[in-house]
Amino acid sequence: MTKEMTMKTPYRILKLRSGEEIIARIRGEKQGKLILERPMIFKSVLISNPHGSQKEITVLKNWLSFTTAIETEIPKDFIATYLEPDHTVVELYNLEKEKEDVNPPS
């Protein structure tokens, strides 16, 4: 195994009882709620090429869009489970955060 595959990450994928899947850094816990930093939701999108065949891709979208907040609290009982993301998801998450930092939504 390579070092990057065994590297620990501060991020977690949260599978919510609503069916949503988000990735975030868990900053802490207070009064039965988790404090999440920069949560992003996984979205699947179908794209078509000029020849008509389709391909499904996964994108990340800011879960706190339309606000200036970068942290939120969610009740722990809203979470079905949480998992450690693999390195490709962590890379995608970091890339999306960088994009937002360079070109913040207006």
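Since this is a predicted model, take the numbers as computed values, not measurements. (Residues numbered from 1 in each chain as written. Predicted model: local features only at pLDDT ≥ 70, side-chain atom pairs only at ≥ 80, totals over all residues. Heavy atoms only, no water.)

Attention now moves to the overall build of the protein. Across its full length, the protein holds two helices and six strands. Starting at the N terminus and ending at the C terminus, the protein contains elements arranged as α-β-β-β-β-β-β-α. Projected onto its principal axes, the C-alpha coordinates of the protein cover approximately 55 × 40 × 30 Å. For the protein, the residues scored as buried account for 27% of the 106 residues in total. Put simply, of all contacts in the protein between residues at least 6 apart along the chain, 53% involve residues at least 24 apart. For the protein, the exposed area adds up to about 7,700 Å²; of that, 53% sits on carbon and sulfur atoms. Separation between the mean location of the 16 positive side-chain charges and that of the 16 negative ones in the protein comes to 3 Å. (Helix = DSSP H or I, 4+ residues; strand = E, 2+ residues; numbered from the N terminus. Buried < 20%, exposed > 50% of the residue type's maximum accessible area, 1.4 Å probe, protein only. Contact = heavy atoms within 4.5 Å. Areas by Shrake-Rupley, 256 points an atom, 1.4 Å probe, with all protein chains shown as cover. Lys, Arg positive; Asp, Glu negative; His and termini not counted. Charge placed at Lys NZ, Arg CZ, Asp CG, Glu CD.)

Mapped onto the elements of the fold, Arg38 is located in strand E3 (residues 33-48). Engagement of the side chain of Arg38 in a polar contact is seen with the backbone oxygen of Lys97, the distance being 3.2 Å. Here Asp101 takes part through its side chain, which lies 3.0 Å from a polar atom of the side chain of Arg38. (Polar contact = N/O pair within 3.5 Å; in protein donor to acceptor, adjacent residues only side chain to side chain.)

Residues in a regular strand point their side chains to alternate faces of the sheet. Bridge analysis of strand E2 (residues 21-30) against E3 gives seven bridges, and the strand direction is antiparallel. Each residue of the ladder has a partner; that of Ile22, found in E3, is Ile41. A loop of two residues connects E2 with E3, the two strands running antiparallel in sequence, and Gln31 in this loop sits at a positive phi of about 50°. Summarising the sheet, E3 and strand E5 (residues 71-75) pair through five bridges and their orientation is antiparallel. If you follow Ile35 over to E5, its bridge partner there is Glu73. Where E3 lies against strand E4 (residues 54-62), nine bridges are found, and the strand directions are antiparallel. Each bridged residue has a counterpart across the sheet, and for Ile47 the counterpart in E4 is Lys55. (Pairing = 2+ DSSP bridges.)

Another point: the environment of Thr88. Tracing the sequence through the fold places Thr88 in helix H2 (residues 87-102). For Thr88 and Ile35, which are 53 residues apart along the polypeptide, the C-alpha to C-alpha distance reads 24 Å. Side-chain polar atoms of Thr88 contact the side chain of Asp86, separated by 2.6 Å.

This next bit is on the confidence of the model for the protein. Any region with low pLDDT has predicted coordinates that should not be read closely. A residue-level look at the protein finds 91% of positions with pLDDT of 70 or above and a mean pLDDT of 89. Residue range residues 1-6 is modelled with pLDDT below 50. Its contacts to residues more than four positions away, or to other chains, number four contacts. (pLDDT = per-residue confidence, 0-100.)

Moving on, we get to the pattern of salt bridges. One pass over the structure, following the stated rule, counts eleven salt bridges. When the shortest N-O distance is used, the salt bridge between Lys8 and Glu84 registers 4.0 Å. Here the residue Lys8 occupies a position in the loop between helix H1 (3-6) and strand E1 (11-16), and Glu84 occupies one in the loop between strand E6 (79-83) and H2, the gap between them amounting to 76 residues. Glu84 sits in the partly exposed class, given a relative accessible area of 39%. (Salt bridge = Lys/Arg side-chain N within 4 Å of Asp/Glu carboxyl O.)

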